[in-house]
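# Fold and contact review
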Amino acid sequence: LPIRIEFVETAQKVDEVLPTLYDMVTDGLIEVHDTEVIKVAKKERKRPHVPHTELKGKARLMRIYMGESDKWQGEPLHEAILKRLRLMDISGATVYRGILGYGAKGHTHKSHMLHMGHDYPVMVSVVDTEEKLNSVLDELESMMKDGIIVLSDVDVIRLVHSQYAHESHAND
Amino acid sequence: MSSGWCTANTPTNLMRTIRKAKLLRLHFSEHDHYKGKPLYEAIVAKCKELKIAGATVFRGLEGYGESAEIHRHHIVGSDQPIIVTVVDSEENLQRLIPVIEEMMDTGMIATSDVDYIRIQKSAG
C-alpha cells in the first residue's frame, strides 16, 4: 500500500526537520509546497471559545434584502452570504423569510400555491462593528444582483457565546 | 488552485452610493383586516399605489402588544405577529404614514434613520 504522510508547518520548522527526513527516506519522495492556511479548527474543549469581536455598546445593524430564488454560483444567495460572513469572521447573522413583498426587481414576492418556484422575500440581518460591516460590503455587493443593503446604528446590550453560557450554568 | 470561495470577484471600480433614508416598521397582527383583505396585503398594495420603493412582510412566531393579547399560532386560525418593513426617503414615508395610520386599528408604527445601498445590476 502506498503511504503518504502530510504535515503543515512554518517554513522554519520544515527546514529543521527536512535533513532528518532526507536521511530516513531511502525509497520514496519528499515534496514541499507553499500553502495558504485558510482555517485552523481545533476540537479542543478546555480553552474558552474566543469571541469574534468584543461587541458592546455602539454597533451597526445591517439588513440585506433579496429574493429567495436569487442564486450565487448555483447556490441560494442567502446561504452563500451566510457562509461568506462566517468566513469573514462576522459575529452572527440571521436569515428571515418574508411572506409578501416587492422591491428592487419590481415584482411581487408571494407564495404561489400551485407553483413550486416561489420567490419569497428574504432578509439577512447582521450585527457587528462598523469597520467589520464595511469590510464585507464589497463582497456582498459583488455577490448580489438586485436588492438593498440597509445600515443603522444599534446598541448591543448583551452578547453571550454558547461556550460561556455552558460554563456559567456549570458554575451555578 | 484558485480559492474562489475566499474572495468573490470584487470589481474594484464599484461606485458605492450610500444614501440616507428612513426605515419604517409596522407591527400588527395577522388577524387584522382592511376592507375584507388581510391588512398586510392591503398595506403592500397601498405602498405600490403610492410608488413606495419597496415593502416586505415578515411573520413572527409569537408576540404581544397593545392589546396585551399573545399573538401566536393556533391550530384553528393563526394570529401571529406581522412586521412590515419599508425603506424609502423621508418625504415618501411622510406621504405613506398618514394613509397607513388610517388603515391600522391597533399596532405600532416605528421609524429609524438608516444608510442604504441599492444594488441593481440586472437589466429590467
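Bear in mind the structure is a predicted one, so any value in this text is a computation, not a measurement. (Residues numbered from 1 in each chain as written. Chains lettered and ligands numbered in written order. Predicted model: local features only at pLDDT ≥ 70, side-chain atom pairs only at ≥ 80, totals over all residues. Heavy atoms only, no water.)

## Some thoughts on the interface of chain A and chain B
Under the convention used in this document: Throughout, a residue-residue contact means that at least one pair of heavy atoms, one from each residue, lies within 4.5 Å. Note on terms: buried area is the combined drop in 1.4 Å-probe accessible area of two parts once they are placed together, counting the loss on both. Salt-bridge detection follows one rule: a side-chain nitrogen of Lys or Arg within 4 Å of a carboxyl oxygen of Asp or Glu.
Taken together, the contact between chain A and chain B spans 35 residues of the former and 38 residues of the latter. A combined buried area of about 3400 Å² lies between chain A and chain B, and 57% of that area is made up of carbon and sulfur atoms. By the criterion of area lost to chain B, the three top residues of chain A are Ile99, Tyr102 and Glu141 of chain A, representing 23% of everything that side buries. On the surface where chain A and chain B come into contact, there are 1 salt bridge.

## Thoughts on the nonpolar core
Rule in force here: Think of a nonpolar core as a cluster: buried Ala, Val, Leu, Ile, Met, Phe, Trp, Tyr and Cys residues, connected wherever their side-chain atoms sit within 4.5 Å. Remark: exposure states derive from per-residue accessible area (1.4 Å probe, protein chains only) relative to the maximum for the residue type, with buried under 20%, exposed over 50%, and partly exposed in between. Here a strand is any run of E in DSSP of at least two residues, a helix any run of H or I of at least four, and the numbering for each starts at the N terminus.
Residues Phe28, Ile43, Val84, Val86 and Leu96 of chain B are the most contacted members of the largest nonpolar core, which totals 25 residues. Those elements that provide at least two residues to this core are strand E4 (93-102) of chain A together with strand E1 (19-29), helix H1 (39-49), strand E4 (55-59), strand E7 (81-88) and helix H2 (90-103) of chain B. No other element matches H1 of chain B, which puts 6 residues into this core. Contact partners of Val86 of chain B, with chain neighbours within four places excluded, come to Lys22, Leu23, Leu24, Cys47, Ile52, Gly54, Ala55, Leu93 and Leu96 of chain B.

## Description of the layout of surface pockets
To locate leftover empty space, one rolls a probe as large as a water molecule over the atoms. Residue and element names in this part refer to chain A. This is how it is decided: Only protein atoms enter the 1 Å grid used here, on which a cavity is any set of points holding a 1.4 Å probe that cannot leave and a pocket is any open set flanked by protein within 12 Å on both sides along at least five of seven lines; residues with an atom within 4 Å of a point are listed as lining. Grid points are joined across faces, edges and corners, and a volume is the space filled by probe spheres set on the points. Three residue categories are used. Nonpolar comprises Ala, Val, Leu, Ile, Met, Phe, Trp, Tyr, Cys and Pro, charged comprises Asp, Glu, Lys and Arg, and polar comprises the others, including Gly.
Its boundaries defined by the atoms lining it, the second largest pocket holds a volume of some 920 Å³. Forming the walls of the second largest pocket are 24 residues, and the residues nearest its centre are Ile5, Glu6, Phe7, Glu31 and Val32. Among the residues forming the lining of the second largest pocket, the class breakdown is 13 nonpolar, 4 polar and 7 charged.

## Focus on the environment of Met66 of chain A
All names here are of chain A. Looking at the secondary structure, you find Met66 in strand E1 (residues 57-67). The exposure class of Met66 is buried, given its relative accessible area of 5%. Along the backbone, Met66 and Lys13 are 53 residues apart, and their C-alpha atoms lie at a distance of 48 Å.

## Let's talk about the pairing of E4 of chain B
What counts, and what does not: Strand pairing follows a simple DSSP-based rule, namely that at least 2 bridges must link the two strands.
With 4 of its 5 residues buried, E4 of chain B lies for the most part within the structure. The pairing of E4 of chain A with E4 of chain B spans 4 bridges and is antiparallel. When the sheet's bridge partners are listed, Gly101 of chain A is paired in E4 of chain B with Thr56 of chain B. Bridge analysis of E4 of chain B against E7 of chain B gives 5 bridges, and the strand direction is antiparallel. For Arg59 of chain B, the partnering residue across the bridge sits in E7 of chain B and is Ile82 of chain B.

## A short note on the packing of helix H2 (residues 77-87) of chain A against helix H3 (residues 130-143) of chain A
Residue and element names in this part refer to chain A. As a reminder of what qualifies: To get an axis, fit a line to the C-alpha atoms, keeping to the stretch in contact for a helix; angles then go from 0 to 180 degrees between the N-to-C directions. With respect to orientation, any angle under 35 degrees is reported as roughly parallel, any angle over 145 as roughly antiparallel, any angle of 65 to 115 as roughly perpendicular, and every other angle as oblique. Take the far helix as the reference: if the near one is turned anticlockwise from it by less than a right angle, the crossing is left-handed, and if turned clockwise, right-handed.
Between H2 and H3, the shortest axis-to-axis distance is 11 Å and the interhelical angle comes to 160°. With respect to H3, the element H2 is oriented roughly antiparallel. The way H2 lies across H3 gives a crossing that is right-handed. Residue-level inspection shows Leu77, Ala80, Ile81, Arg84 and Leu85 of H2 in contact with H3, the latter providing Val136, Glu139, Leu140 and Met143. Its residues assigned to classes, the contact of H2 with H3 shows 7 nonpolar, no polar and 2 charged.

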